[in-house]
Amino acid sequence: MRIVSRRAAGFSDRAARYREQADRLDEIANSDNQPRSRARLSDLADQYRRLADRLRQRVADDEPIANSSGSFRNQG
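Residues numbered from 1 in each chain as written. Predicted model: local features only at pLDDT ≥ 70, side-chain atom pairs only at ≥ 80, totals over all residues. Heavy atoms only, no water.

### Some thoughts on the overall build of the chain
For step 1, the next point in the chain: Each helix and strand in the chain was counted, giving two helices and zero strands.
For step 2, the next point in the chain: Residues classed as buried in the chain amount to 21% of the 76 residues present.
For step 3, the next point in the chain: For the chain, long-range pairs separated by at least 24 residues make up 71% of all intrachain contacts whose partners lie at least 6 apart in sequence.
For step 4, the next point in the chain: Surface accessibility of the chain: about 5,700 Å² in total, with carbon and sulfur atoms responsible for 48%. (Helix = DSSP H or I, 4+ residues; strand = E, 2+ residues; numbered from the N terminus. Buried < 20%, exposed > 50% of the residue type's maximum accessible area, 1.4 Å probe, protein only. Contact = heavy atoms within 4.5 Å. Areas by Shrake-Rupley, 256 points an atom, 1.4 Å probe, with all protein chains shown as cover.)

Here is the structure:
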């Protein structure tokens, strides 16, 4: 059984929202005719992806703690 802490679940949800936002920014950038604004939008999308990656790492770091605490649950 895989146990995920609330904190890890929150990080995962935020990471997913950041990736969605990055995808939207990329779509807008691809339709923009101005090179400077296209570059800025792409940069913002990259920043959102880096944030999402950091949150995913925090989820990965948090999961062993959550999974190890499962052995302390009351079995009765």
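### Quick look at the nonpolar core
For step 1, the next point in the chain: In this structure, A8, F11, A15, A52, L55 and V59 together form the largest nonpolar core, which totals six residues.
For step 2, the next point in the chain: Taken together, the elements giving at least two residues each to this core come down to helix 1 (6–31) and helix 2 (35–69).
For step 3, the next point in the chain: Setting aside anything within four residues of it in sequence, one finds A15 in contact with A52, L55 and R56.
For step 4, the next point in the chain: Counting residues in each nonpolar core, the second largest holds five residues, with A22, L25, A29 and A45 among its members. (Core = buried A, V, L, I, M, F, W, Y, C linked by side-chain atoms within 4.5 Å.)

### Structural notes on the pattern of salt bridges
For step 1, the next point in the chain: All told, the structure shown has five salt bridges when counted by the stated rule.
For step 2, the next point in the chain: Note that R49 and D26 form a salt bridge whose closest N and O atoms lie 2.5 Å from each other. Of this pair, R49 sits in helix 2 while D26 sits in helix 1, and the two are 23 residues apart along the sequence.
For step 3, the next point in the chain: For R49, a relative accessible area of 22% corresponds to the partly exposed category.
For step 4, the next point in the chain: Through salt bridges with shared partners, a single network forms among D23, D26 and R49. (Salt bridge = Lys/Arg side-chain N within 4 Å of Asp/Glu carboxyl O.)

### Brief notes about the environment of R19
For step 1, the next point in the chain: Residue placement: R19 occurs in helix 1.
For step 2, the next point in the chain: Each residue touching R19, except ones within four places of it in the same chain, is listed here: R49, A52 and D53.

### Thoughts on helix 1
For step 1, the next point in the chain: With 26 residues, helix 1 should reach 38 Å at 1.5 Å per residue; the first-to-last C-alpha distance of 38 Å fits that figure.
For step 2, the next point in the chain: Three or more residues of helix 1 are buried, namely A8, F11, A15, A22, L25 and A29. (Expected span 1.5 Å × (residues − 1).)

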